[in-house]
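Per-entry structural report
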Amino acid sequence: MSYIDEALERVKAKNASEPEFLQAVEEVLESLRPVIEANEEKYRKEALLERLTEPDRQFKFRVPWVDDNGQVQVNTGYRVQFNNAIGPYKGGLRLHPSVNTGIIKFLGFEQIFKNSLTGLPIGGGKGGADFDPKGKSDREVMAFCQSFMTELCKYIGADVDVPAGDIGTGAREIGYMFGQYKKIKSCYEGVLTGKGLSYGGSLARTEATGYGLLYITEELMKCHGESMEGKTVVISGAGNVAIYATQKAQQMGAKVVTCSDSTGWIYDPNGIDVALLKEVKEVKRARLTEYAAARPDAEYHEGRGVWSVKCDIALPCATQNELHLDDAKLLVANGCKAVCEGANMPTTIDATKYLQENGVWFIGGKAANAGGVATSALEMSQNSERLSWTFEEVDSKLKQIMVNIYHNIDDAAKRYGQEGNYVMGANIAGFEKVAEAMIAQGVV
Ligand code: NDP
Ligand code: 2IT
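Attention here is on the structure that accompanies the text. (Residues numbered from 1 in each chain as written. Chains lettered and ligands numbered in written order. Predicted model: local features only at pLDDT ≥ 70, side-chain atom pairs only at ≥ 80, totals over all residues. Heavy atoms only, no water.)

1. A word on the pairing of strand 2 (residues 72-83)
Rules: Strand pairing is defined by DSSP finding a minimum of two bridges between the two strands. Segments assigned H or I by DSSP are reported as helices when at least four residues long, segments assigned E as strands when at least two residues long, and all are numbered from the N terminus.
Judged from the ten bridges that link them, strand 1 (residues 57-66) and strand 2 form a sheet pairing that is antiparallel. Looking at strand 2, one finds that valine 63 is bridged to asparagine 75. Linking two consecutive strands that pair antiparallel, namely strand 1 and strand 2, is a turn of five residues; a positive phi of about 85 degrees is found at glycine 70 within it.

2. Brief notes about the site of ligand 2
We apply this condition: Whether a residue is near a molecule or strand depends on its heavy atoms: if one lies within 4 Å, it is near. Whenever a nitrogen or oxygen atom comes within 3.5 Å of another N or O atom, the pair is scored as a polar contact, on the condition that within protein one atom can donate a hydrogen and the other can accept it, and that pairs from neighbouring residues in sequence are kept only if both atoms are in side chains. Under the scheme applied, nonpolar residues are Ala, Val, Leu, Ile, Met, Phe, Trp, Tyr, Cys and Pro; charged residues are Asp, Glu, Lys and Arg; polar residues are all the others, including Gly.
Around ligand 2 sit 14 residues in total, of which Lys90, Gln111, Lys114, Arg205 and Ser376 are the nearest. Residue lysine 126 places a side-chain N or O atom 3.0 Å away from an oxygen atom belonging to ligand 2. Secondary-structure elements contributing two or more residues to the shell around ligand 2 are strand 3 (89-95), helix 6 (101-117) and helix 16 (370-385). Classifying every residue of the shell around ligand 2 gives two nonpolar, seven polar and five charged.

3. Some details on the site of ligand 1
As a structural note, the neighbourhood of ligand 1 is formed by 26 residues, with Lys134, Asp166, Thr209, Ser262 and Asn344 the closest of them. Arginine 205 places a side-chain nitrogen or oxygen 2.9 Å from an oxygen atom of ligand 1. Separating an oxygen atom of ligand 1 from a backbone N or O atom of asparagine 240 is a distance of 2.9 Å. Of all the elements in the fold, those that place two or more residues in the shell around ligand 1 are helix 9 (205-223) and helix 10 (240-251). Considering only residue class, the shell around ligand 1 consists of six nonpolar, twelve polar and eight charged.

4. A look at the sheet that holds strand 6 (residues 232-235)
Ordered by their spatial adjacency, five strands build an open sheet running 7-6-11-12-13, and the pairing between neighbours is parallel. Each having just a single partner strand, strand 7 (255-256) and strand 13 (361-363) make up the two edges of the open sheet. Examined bridge by bridge, strand 11 (residues 313-315) and strand 12 (residues 338-340) share two bridges and lie parallel to one another. Directly across from isoleucine 313, in strand 12, lies its bridge partner alanine 338.

Put into structure tokens, the structure is as follows:
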């Protein structure tokens, strides 16, 4: 049996109850086949794939906090430190009721390759809790964040592990967590990214994931003789990534006609009103029905459905496994040219294959949404030198990083005779650097 198949079987047997983690591992290992086969004996002897798929360590802990009625609530917190071969562990904290070990492991595993692709010195990690910030008062969110950090602070540090935002964790939550870290450790250091601008945050970090997604999409279009100008774009989600992807797409002259949240979706034929969307989601933390109420021509639909809208470009920006095979078929039938993932693993494996086989240019999240973590690494640099760069400086570095990622993944795919397979290109380019660093550092 080939080394890849052996390793895959072992991972499946060991992690049978973690479907998202298995999905992420399978996608990566399958696409690494040509690289592993070329170094079969060396990698087998090194147990490289076993080491890569087993986290360095993982923490799971109780998070007790008191709600506004005086009732004690208990959540489960997680931090998975997956791989620090090329830099300190780096990755977001997800606060969502669906969080469990398998979800955090899939995100942490993908983060290894994504962070490597940025070209910056950051390893892979992820964390979070099954806490739902929706409907909670600011005081309740603060109580949760403080309790969460009371435990998490034992395992992180500016040169050890640097968490950031993800679903449910935005500027408010990062602020409360940073305050608690500082209080307990008596140490003012860049231990989190995505901080507020008044206490060490970086300009353009808020916008970075969405903007970066559009910079790589624009480069993809340009390299195929196309531009963003006049294109119709469908976007899912209505959070941090979706909002700033919509804004940048519009600045590039495209028309974004959809957004969605966990209960429904909007079709706005005149183009999404970003200021209104920000007001509804960032300020009021309300449902999309409020958006529709303020825009007479916009339609609100319950459930899922953005992929049924005719478009040139589709950008999934909500959550994992939100674009299924049936959706891929609709996109192809409607003439969609490109799909680039703003979210982590939003497209199922069969949907990805269908899109690729039907000529859709597909860039997976490890490359397409790397702008967020790349700008987090730029925030770490600014914190280390105790300086703040201008918006323009950070934004131009972000753009250059995204353009470089596009060309690196394109070149890696071509090197293995798979031109246009950006999924394979991203996995190979991300893997090569990490594998070299792991082998150089010995069996640790
Ligand atoms: P937010 O919490 O800001 O927004 C998430 C959006 O997705 C919301 O509109 C939310 O709807 C929707 N959503 C969340 N879970 C589900 C679900 N189970 N079903 C349907 N809709 C859902 O998160 P972000 O925008 O930061 O993150 C979005 C995606 O991008 C995630 O996959 C994240 O891992 C990824 N990502 C984020 C980065 C960042 O810098 N923030 C960087 C790279 C990737 P509702 O409002 O109803 O909750
Ligand atoms: O998935 C991701 O890359 C993030 N949520 C951002 C991580 C970070 O450390 O900025």
